[in-house]
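Spelled out from the first residue to the last, the chains are:
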Amino acid sequence: MAAGTTAPAPGTTVLIVGGMTCAACVGRVEKRLAKLDGVSATVNLATGRARISHPPEVTPADLMTAVERLGYTAELPRDRSGPAGPGRPDPAEVEQQRLLVTVWLSVPVLLMTMLPVLQFRNWQWLCFVLAAPVAAWGAAPFHLAAVRASRRSVAALDALVSLAVVASFGWSAYALFLGGAGRPDTRVPFALAPPEDGRTAALYLAVTVGVPLAALSGRLLEERARGGAAQPPRGDAADSVPRLAERVARVLVPVVLALATGTLGFWLGSGADAEEAIAAAVAVLVVGCPSALALAGPVALLAATDRAVRLEVVLRDPVDLESLRDVDTVVLDASGVLTDEPGPAAEGAGTSVRSGSFRAVDRLRRLGMEPVLVTGEDAEVARRTAADLGITTVHSGCSAADRAELVRGLRSDGCRVAFVGDPTRDADALRAADLGIALGDTGTSTGASTGADGPAHVTLPGGGIETVPDAVRLVRDAHAAIQTNLVWAFGHTVATVPAAALGLLHPVVATAAMAVSTLLVVGNGMRLRGASPLSHDTRSRRPLTR
């Protein structure tokens, strides 16, 4: 830089990252870039784009090098406005095309494999021709990711998909060319367990196409959950999505690989023929693919975050939603539920209380949360306000310091406290609470309360507490959905892996079970986005005469 020139301001660089196949890949790229001083990155799996904020001393070449050291490709977006040759295709479009082509090639294979009535003369050779591009091109992202992970000695979910495809396609090729399954009049009845006659080697082409089809569909559904959110998760909540996938992979992938290898060795060692051993090992790989487990938490978290935004719940960090689940005491600043609007002249000076506030307080109590009213007014006004809201515990004449001290005292008594108040006046109390909820319009309080150093964890821009019960119910529903998903996915794995290892589960049936499990988990999580709110239009007010 020439002497006397001004240093450039921190910039933003967009990179096209190739080779990512799951949320764990996103997490690795974001984590690696964040290790560079002053760098933060957000990576979109569907588009393959990494949006990176970095200081001027960190160049785009440094960023690309960091990504490439992980085994992924990285390049700057090409300018499509110039007259040069064809530009680089959009990664999202490529992946959608990959899934579409995989569907068109896979459906005929699945139908002919499972319905003997469709098995015409030499049908198996047509299936082989259709399955080959799925095994090579359709599953290519999983093969590449598995190779990269093996080079870094990292457990990857994609390794199970890749191995299942390679093993099933390889065995099917052997069956067709050397195992007798290539005869023109070959018919394969659908069965729950592998064949035992041993006269003709079995075909597992349905596994070859079914596993990548289910995996690609799961990726698309997950990315739609991420990209379809009204406010995409940020901070630790965004990171928790890939972190959960990494934790699942770190534990489950080695276990499944060990079980598949052990199953193969056991069957061969016990004198069984190669077909029985291969069938059992492939079935273990298929049912052990932890697609459902990997999606159990992230999909529900993303759907809950999206729903929170639709309910006008502004989060400093989506992880703070989890804090709502354990709250048992809600401290309400009177000014947060009062308007301070004067009542009708005939009634004298008074204060208007939102009718919706009473319903909100009642719903909070029915959700198991004890309301406490705190106000700077005198004891008589405080008593009237509390009576109007149906609150029995009230603290009057409290300053801002008193409110914060009250919150600390309740916490020291073992209560899990949420404080609802103004982000400026009640800043100390909001910070002291387990969960600070600020009321105010987006033009004033959101910036103060949702910033990294703001006092509140959650802001309700509408200025009323009517949304608080909705947020509480949402978090509890999300937690229940995650628990249900985990129980289902883990139970499915525990139930099917032993059956597969014992040779009681046909690999094709295992593929169908894996796909159904994944779709059920995604559907259960996504239903949170359509949950109806408890609250209605509660902006009407009634006067409270002092």
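Residues numbered from 1 in each chain as written. Predicted model: local features only at pLDDT ≥ 70, side-chain atom pairs only at ≥ 80, totals over all residues. Heavy atoms only, no water.

**With respect to the overall build of the protein chain**
The helix and strand inventory of the protein chain stands at 19 helices and 13 strands. Summarising the internal contacts of the protein chain: among those between residues at least 6 apart in sequence, 72% fall at separations of at least 24. A total of about 23800 Å² of accessible surface is found on the protein chain, and carbon and sulfur atoms cover 59% of it. (Helix = DSSP H or I, 4+ residues; strand = E, 2+ residues; numbered from the N terminus. Contact = heavy atoms within 4.5 Å. Areas by Shrake-Rupley, 256 points an atom, 1.4 Å probe, with all protein chains shown as cover.)

**Focus: the pattern of salt bridges**
Summed over all chains, the structure comprises 11 salt bridges. Between aspartate 362 and arginine 366 there is a salt bridge, with the nearest N and O atoms lying 3.1 Å from each other. With aspartate 362 and arginine 366 both in helix H13 (residues 355-366) and 4 residues apart, the pair spans about one turn of that helix. Note on aspartate 362: relative accessible area 28%, which makes it partly exposed. The class of arginine 366 is exposed, set by a relative accessible area of 62%. (Salt bridge = Lys/Arg side-chain N within 4 Å of Asp/Glu carboxyl O. Buried < 20%, exposed > 50% of the residue type's maximum accessible area, 1.4 Å probe, protein only.)

**Section: the confidence of the model for the protein chain**
For the protein chain, per-residue confidence averages 78 on the pLDDT scale, and residues scoring 70 or more make up 75% of the total. Considering each helix and strand of the protein chain separately, the mean pLDDT is smallest for strand E13 (residues 541-545), with a value of 37, and largest for helix H4 (residues 123-138), with 96. Residue range residues 342-349 is modelled with pLDDT below 50. Its contacts to residues more than four positions away, or to other chains, number 8 contacts. Scored below 50 in pLDDT, residues 442-453 shows 26 contacts in the model against residues more than four places distant or in partner chains. (pLDDT = per-residue confidence, 0-100.)

**Things to note about helix H2 (residues 60-68)**
Buried within H2 are the following residues: Leu63, Met64, Ala66 and Val67. Taken end-on, H2 shows its buried residues confined to a sector of 160°, consistent with a single buried face. (Arc of directions from axis to C-beta.)

**What about the nonpolar core?**
Among the nonpolar cores identified, the biggest contains 56 residues, and Val161, Leu205, Val207, Val211 and Val286 are the most heavily contacted of them. Top element by residues in this core is helix H6 (residues 157-177). It accounts for 10 residues. Ala334, Ile391, Ile437 and Leu460 belong to the second-largest nonpolar core, a separate cluster that totals 35 residues. (Core = buried A, V, L, I, M, F, W, Y, C linked by side-chain atoms within 4.5 Å.)

**Some details on the packing of helix H9 (residues 274-288) against helix H18 (residues 468-501)**
Relative to each other, H9 and H18 sit at 170°, their axes nearing to 8 Å. Between H9 and H18, the angle falls in the class roughly antiparallel. Residues Ala280, Ala283, Val284, Val287 and Gly288 of H9 touch H18, and the partners they reach there are His492, Thr493, Thr496, Val497, Ala500 and Ala501. Tallied by class, residues from the contact of H9 with H18 come to 7 nonpolar, 4 polar and no charged. (Axes fitted to C-alpha atoms, helices over the stretch in contact; angles between N-to-C directions. Parallel < 35°, antiparallel > 145°, perpendicular 65-115°, else oblique. Nonpolar A, V, L, I, M, F, W, Y, C, P; charged D, E, K, R; others polar.)

**What to know about the packing of aromatic side chains**
All told, the structure shown has 5 aromatic pairs when counted by the stated rule. Look at tryptophan 125 and phenylalanine 177: their rings are 5.2 Å apart centre to centre, the planes differ by 80°, and that puts the pair in the edge-to-face class. Within this pair, whereas tryptophan 125 is found in helix H4, its partner phenylalanine 177 is found in helix H6, the two being separated by 52 residues in sequence. Given the relative accessible area of 28%, tryptophan 125 is considered partly exposed. We classify phenylalanine 177 as exposed; its relative accessible area is 54%. (Phe/Tyr/Trp six-rings, centres within 6.5 Å; stacked < 30°, edge-to-face > 60°.)

**Regarding the sheet that holds strand E12 (residues 458-460)**
Paired through backbone hydrogen bonds, the strands of a sheet run either parallel or antiparallel to each other. Read from one edge of the open sheet, 7 strands run E5-E12-E11-E10-E6-E8-E9, paired in mixed fashion. The open sheet is flanked by strand E5 (314-315) and strand E9 (393-395), the only strands paired with a single partner. Here 3 bridges tie strand E11 (residues 435-439) to E12, and the two strands are oriented parallel to one another. In the strand pairing of E12, leucine 439 is matched with leucine 460. Across the sheet, helix H14 (residues 379-389) touches strand E8 (370-374) and E9, and the angle it forms with E8 is around 155°. In this fold helix H15 (residues 400-412) packs onto strand E6 (329-333), E8, E9 and strand E10 (417-421), with an angle of close to 160° to the strand it touches most, E10. (Pairing = 2+ DSSP bridges.)

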